[in-house]
Amino acid sequence: MSETDPLQPICDRVAAVWPVQRWGSLRVVVGVSGGADSVCLVRTLAQMAGGASSNLIVAHYDHQTRDDSADDAAFVGEVARDLGLDFELGRSASRDPSRSEADLRGERYVFLDSVARRLGARYVAVAHNRDDQVETILHNILRGTGGNGARGIAPFRPLGEDLVLARPFLDVSRHSIESAMSAVGQSYRSDPTNAEPTWTRNWLRVELLPLLKAQFPQVDESLLRLGQNVGELQAAVDQMAAELESTAVRYEAGAVRIAVGPMRLTPEAVKVALLQGCWKRMAWPRGKMSHGHWKLLTQRMLGGGAQGKPLSFDLPGEVQVSVSNDEIVLTRRL
């Protein structure tokens, strides 16, 4: 490999967090939108895998939110063919341009998950980069996040049994990616909607972060350092919550029983982490659970309602809560 290879520094950064020995012999579905980040990702992984690159599968999902979105799909298909890789294409059944960011992301991940499971892949790789990490941490802070949100995007996340979502570009900047693509003469597609500040994430990228950088040039590094520090603290909190869960929580069919006694002297952050772990284990939706909802639950861990009477109330996601002096019972209406 030539020392002047523009992709080699990016390959080295990926290898530091996701060495090819972990995935080179396995099937990997690579989500490719056609933008610089994802095109660089699939080229980087193909270069790292060498002769094993046939295990990579390029997957593109056409949201059909733009009139020219089919051109993106055709471009990604050409990239796959140039690299000698299989290509999977999915298209949304809706052309509604008003779908939210969350809806579009959900559609995309359902597609990637289905492709991976159908083809027996062990990983789904996507191209979130260092700049995305900065934007995510800032966005979560502004929304009033807890520890999990402040640490940003996780490099690896399970997608159910035997399938892992990998984000190996989190230490690679957007500038490095675009420079490498220019250096190797690789074209890519640019989505004009990414520059429109109507989406929250676009507004952060296009308007807020440039303002912050004008006053605080090191804001990216500061946010990333905050995310790392919070992540280390949150890991300790999660460990404490796991130990408490083993003694204070009992899972039944469709229900969670939490003993109140052990909770009374437990720090707030540990109680929240324990509750969020219960939601995760039960696969209950957490999207509409606010800080106030978690706070309400931790307060009720001190016991029942007035004069010790049982107390019942509902939470988002059809979760019902029943509190007595001895335990909290969580159930979900189906």
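As the structure is a prediction and not an experimental result, all values here were calculated from the model.

Engineer: Would you mind going over helix α6 (residues 130–142) in detail, with residue names and values included?
Structural biologist: With 13 residues, α6 should reach 18 Å at 1.5 Å per residue; the first-to-last C-alpha distance of 19 Å fits that figure. The element α6 is extensively covered by neighbouring structure, given that 10 of its 13 residues are classed as buried. Buried within α6 we find Asp131, Asp132, Gln133, Val134, Glu135, Thr136, Ile137, Leu138, His139 and Asn140. Check the buried side of α6 and you find it contacts α3 (36–49), α7 (147–150), α8 (174–183), α9 (200–215) and α10 (219–248). Where α6 starts, the residue carrying a side-chain oxygen 2.9 Å from the main-chain nitrogen of Asp131 turns out to be Asn129. Within two residues after α6, Gly144 carries a phi angle of roughly 85°, on the positive side.

Engineer: Before we move on, could you go through the sheet that holds strand β1 (residues 28–31) and cite the residues and values that matter?
Structural biologist: The strand order β3-β2-β1-β4-β6-β5 describes an open sheet built from six strands, whose pairing is mixed. The two strands at the open ends of the sheet, each matched to only one other strand, are β3 (86–91) and β5 (156–158). With strand direction ignored, the average angle separating the axes of adjacent strands in the sheet is 25°. The pairing of strand β4 (residues 123–125) with strand β6 (residues 164–166) spans three bridges and is parallel. The residue of β6 that forms the bridge with Ala125 is Ala166. Where helix α4 (residues 69–83) meets the sheet, it contacts β2 (56–62) and β3, and its direction lies at approximately 175° from that of β2.

Engineer: Could you give an account of the packing of α10 against helix α11 (residues 268–282), naming the residues involved and the relevant values?
Structural biologist: Running from N to C, α10 and α11 cross one another at 70°; their axes reach a closest spacing of 8 Å. Taken together, the axes of α10 and α11 are roughly perpendicular relative to one another. Crossing angle aside, the handedness with which α10 passes α11 is right-handed. Between α10, through Gln234, Val237, Asp238, Met240, Ala241, Leu244 and Glu245, and α11, the contact on the second element is made entirely by Ala269, Val270, Ala273, Leu274 and Arg281. Considering only residue class, the contact of α10 with α11 consists of eight nonpolar, one polar and three charged.

Engineer: Give me the lowdown on the pattern of salt bridges, citing residues and values where you can.
Structural biologist: The final tally for this structure, using the stated rule, is 21 salt bridges. A salt bridge links Arg13 to Asp171, with the shortest nitrogen-to-oxygen separation between them at 2.7 Å. Of this pair, Arg13 sits in helix α1 (residues 8–17) while Asp171 sits in the loop between β6 and α8; the two residues are 158 residues apart in sequence, bridging distant segments of the chain. With a closest N to O distance of 3.0 Å, Arg174 and Asp132 form a salt bridge. Residue Arg174 is located in helix α8, and its partner Asp132 is located in helix α6; the two are separated by 42 residues in the primary sequence. As far as burial versus exposure is concerned, Arg174 and Asp132 are alike and both buried. Through salt bridges that share partners, Asp132, Glu135, Arg174, Arg201 and Arg205 make up one connected network.

Engineer: Just give me the short version of unusual backbone geometry, but keep the residues and values in it.
Structural biologist: Peptide bonds are mostly trans, and most non-glycine residues show a negative phi. Phi angles above zero are rare outside glycine, and Gln64 is one such case at about 60°. Of note, Gln64 is situated in the loop between β2 and α4. Here Gln64 falls in the buried class, since its relative accessible area comes to 16%. For Ala283, which is not glycine, the phi torsion reads 60° and is therefore positive. Note on Ala283: relative accessible area 63%, which makes it exposed.

Engineer: Quick rundown of α1? Include the residues and the values.
Structural biologist: Within α1 the residues assigned to the buried category are Ile10, Cys11 and Val14. Taken down its axis, α1 places every buried residue within 100° of arc, on the same side. In this fold, the buried residues of α1 make contact with α3 and α8.

Engineer: Just give me the short version of the nonpolar core, but keep the residues and values in it.
Structural biologist: If you look at the biggest cluster of nonpolar residues, it comprises 34 residues, and the most contacted ones within it are Trp18, Trp23, Leu45 and Phe169. Every element with two or more residues in this core is listed here: α1, β1, α3, β2, α4, β4 and α8. Here this core gets nine residues from one element, more than from any other, and that element is α3. Not counting chain neighbours up to four residues away, the residues in contact with Trp18 comprise Trp23, Val28, Leu45, Met48, Tyr123, Ala125, Phe156, Ala166 and Pro168. Formed by 29 residues, the second largest nonpolar core is a distinct cluster that contains Ala248, Val256, Val270 and Ile328.

About the cut-offs
Residues numbered from 1 in each chain as written. Predicted model: local features only at pLDDT ≥ 70, side-chain atom pairs only at ≥ 80, totals over all residues. Heavy atoms only, no water. Helix = DSSP H or I, 4+ residues; strand = E, 2+ residues; numbered from the N terminus. Expected span 1.5 Å × (residues − 1). Buried < 20%, exposed > 50% of the residue type's maximum accessible area, 1.4 Å probe, protein only. Contact = heavy atoms within 4.5 Å. Polar contact = N/O pair within 3.5 Å; in protein donor to acceptor, adjacent residues only side chain to side chain. Pairing = 2+ DSSP bridges. Axes fitted to C-alpha atoms, helices over the stretch in contact; angles between N-to-C directions. Parallel < 35°, antiparallel > 145°, perpendicular 65-115°, else oblique. Left-handed = near helix turned anticlockwise from the far one by under 90°. Nonpolar A, V, L, I, M, F, W, Y, C, P; charged D, E, K, R; others polar. Salt bridge = Lys/Arg side-chain N within 4 Å of Asp/Glu carboxyl O. Arc of directions from axis to C-beta. Core = buried A, V, L, I, M, F, W, Y, C linked by side-chain atoms within 4.5 Å.

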